[in-house]
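Structural description and commentary
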Amino acid sequence: MTPSAKGQKPRLAAEIEEDLRKQILAGQTPVGEKLATERALCTRYGVSRTVIREAIAGLRAAGLIESRRGSGLYVRAASVQAPPWQSGMPEMQAEIGAIVDTLELRAAVEIEAAFLAANRASPGQIARIRSCHQRFAEAVEAAEKTEEADYAFHQAIAEATNNSAYRSFMEYLGKRTIPRGKLGLDTTGESYRAYLVDMQSEHLDILEAIERHRAEDARQAMQAHLLGSLERYRALSQP
């Protein structure tokens, strides 16, 4: 498979996702088998980790792969077409549609916010982003609610742009920024925990790019994170 030209990363991620999907559906990577590691997939396709993560997010949203704590990603039954935390959601279609709309708006703003933060963040602002990431990780480990720490992480990045309009935007969205808390999801299962662990890893990619002042990497990491969330919620919105 030949990678697309630079500047077409969303298209490239979609191409890789489709290639992996075909392999899974054709049985080339059987149900129950471990998916190749991110490092191996980066080498195979000649792309960055963020592109691979975006492709994987699409496969996860389609229910074709699942995370197993401390082990990696595994192929699920091809008949599963939605995230494992979808149960009980049909009555929430209108709510999920509004969430998708908000995520599209967030992506338009926060991807650029990550880029600016990587260029402008002070040491103190970076320390705050790291502290918010640590709070999220501790909440995941303790099986506590993560919504507040999640919002604080994204708000800290907005503040690190040193542009008050980004901070005001996040304040305007408020609780809509992190909508999962009001969807009545079953948060006790391993699948939900795996979802949070994946999110924690995506946050770390964003943090490390900002910390190293690698602006383009920060932009790509935020893009992979938010577009992955979009795919998950779009899967929930399917009738």
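We now turn to the structure provided with this report. All values derive from a computational prediction rather than experimental measurement.

Rules used throughout
Residues numbered from 1 in each chain as written. Predicted model: local features only at pLDDT ≥ 70, side-chain atom pairs only at ≥ 80, totals over all residues. Heavy atoms only, no water. Helix = DSSP H or I, 4+ residues; strand = E, 2+ residues; numbered from the N terminus. Buried < 20%, exposed > 50% of the residue type's maximum accessible area, 1.4 Å probe, protein only. Areas by Shrake-Rupley, 256 points an atom, 1.4 Å probe, with all protein chains shown as cover. Core = buried A, V, L, I, M, F, W, Y, C linked by side-chain atoms within 4.5 Å. Polar contact = N/O pair within 3.5 Å; in protein donor to acceptor, adjacent residues only side chain to side chain. Axes fitted to C-alpha atoms, helices over the stretch in contact; angles between N-to-C directions. Parallel < 35°, antiparallel > 145°, perpendicular 65-115°, else oblique. Left-handed = near helix turned anticlockwise from the far one by under 90°. Contact = heavy atoms within 4.5 Å. Nonpolar A, V, L, I, M, F, W, Y, C, P; charged D, E, K, R; others polar. Salt bridge = Lys/Arg side-chain N within 4 Å of Asp/Glu carboxyl O. 1 Å grid on protein atoms, 1.4 Å probe; cavity = no way out; pocket = protein on both sides within 12 Å on 5 of 7 lines; lining within 4 Å. Points joined across faces, edges and corners; volume = space filled by probe spheres on them.

Before going further, it helps to spend a moment on the overall build of the protein chain. When helices and strands are tallied, the protein chain shows nine helices and two strands. Ordered by position in the sequence, the α and β elements of the protein chain form the string α-α-α-β-β-α-α-α-α-α-α. For the protein chain, with 239 residues in total, the buried portion stands at 50%. Approximately 11,300 Å² of the protein chain is accessible, and the part contributed by carbon and sulfur atoms is 50%.

Ranked by size, the top nonpolar core spans 37 residues in total, and within it Ile-129, Phe-153, Ile-157, Ile-206, Ile-210, Met-222 and Tyr-233 carry the most contacts. If you list the elements that add at least two residues to this core, you get helix H4 (93–120), helix H5 (123–141), helix H6 (147–160), helix H8 (190–211) and helix H9 (215–237). If one sorts the elements of this core by residue count, H4 sits on top with nine residues. Counting 19 residues, the second largest nonpolar core, distinct from the first, contains Ile-16, Cys-42, Tyr-45 and Leu-64.

What follows concerns the environment of Tyr-45. Among the structural elements, Tyr-45 can be located in helix H2 (residues 38–45). When its relative accessible area of 4% is taken as the criterion, Tyr-45 is described as buried. A polar contact of 2.6 Å, which involves the side chain of Tyr-45, links it to the side chain of Asp-19.

A word on the packing of H6 against helix H7 (residues 164–173). Packed helices, taken two at a time, are described by the angle their axes make and the gap between the axes. Where H6 meets H7, the closest approach of the two axes is 7 Å, and the angle between their N-to-C directions is 155 degrees. Relative to H7, H6 is oriented roughly antiparallel. The crossing of H6 and H7 is right-handed. Side by side, H6 and H7 meet where Tyr-151, His-154, Gln-155, Ala-158 and Glu-159 of the first sit next to Tyr-166, Arg-167, Met-170 and Glu-171 of the second. A per-class count over the contact of H6 with H7 returns four nonpolar, two polar and three charged.

Turning next to the pattern of salt bridges. Between side chains of opposite charge, pairing is possible as soon as their charged atoms come close. All told, the structure shown has 14 salt bridges when counted by the stated rule. For the salt bridge of Glu-18 with Arg-21, the shortest nitrogen-to-oxygen distance reads 3.6 Å. With a gap of three residues between them, Glu-18 and Arg-21 both fall in helix H1 (residues 9–25), about one helical turn apart. When its relative accessible area of 35% is taken as the criterion, Glu-18 is described as partly exposed. Ionic pairing is found between Glu-38 and Arg-53, a salt bridge with its closest N-O pair at 2.9 Å. Of this pair, Glu-38 sits in helix H2 while Arg-53 sits in helix H3 (residues 49–61), placing them 15 residues apart in sequence. With a relative accessible area of 22%, Glu-38 lands in the partly exposed category. Three or more residues are tied together by salt bridges with common partners; here these are Glu-38, Arg-49, Arg-53 and Asp-205.

The spatial distance from the C-alpha of Glu-38 to the C-alpha of Val-51 is 9.9 Å, given a sequence separation of 13 residues. For Glu-38, the residues in contact, after removing those within four places along its chain, are Arg-49, Ile-52, Arg-53 and Ile-56. Engagement of the side chain of Glu-38 in a polar contact is seen with the side chain of Arg-49, the distance being 2.8 Å. Reaching out from Glu-38, the side chain makes a polar contact with the side chain of Arg-53 at a distance of 2.9 Å.

Let's shift gears to the layout of surface pockets. Taken as a whole, the largest pocket holds about 470 Å³ of empty space. When residues of the lining of the largest pocket are traced back to their parent elements, those giving at least two are H3, strand S1 (65–68), strand S2 (72–75) and H8. Of the residues that constitute the lining of the largest pocket, the class distribution is seven nonpolar, six polar and nine charged.

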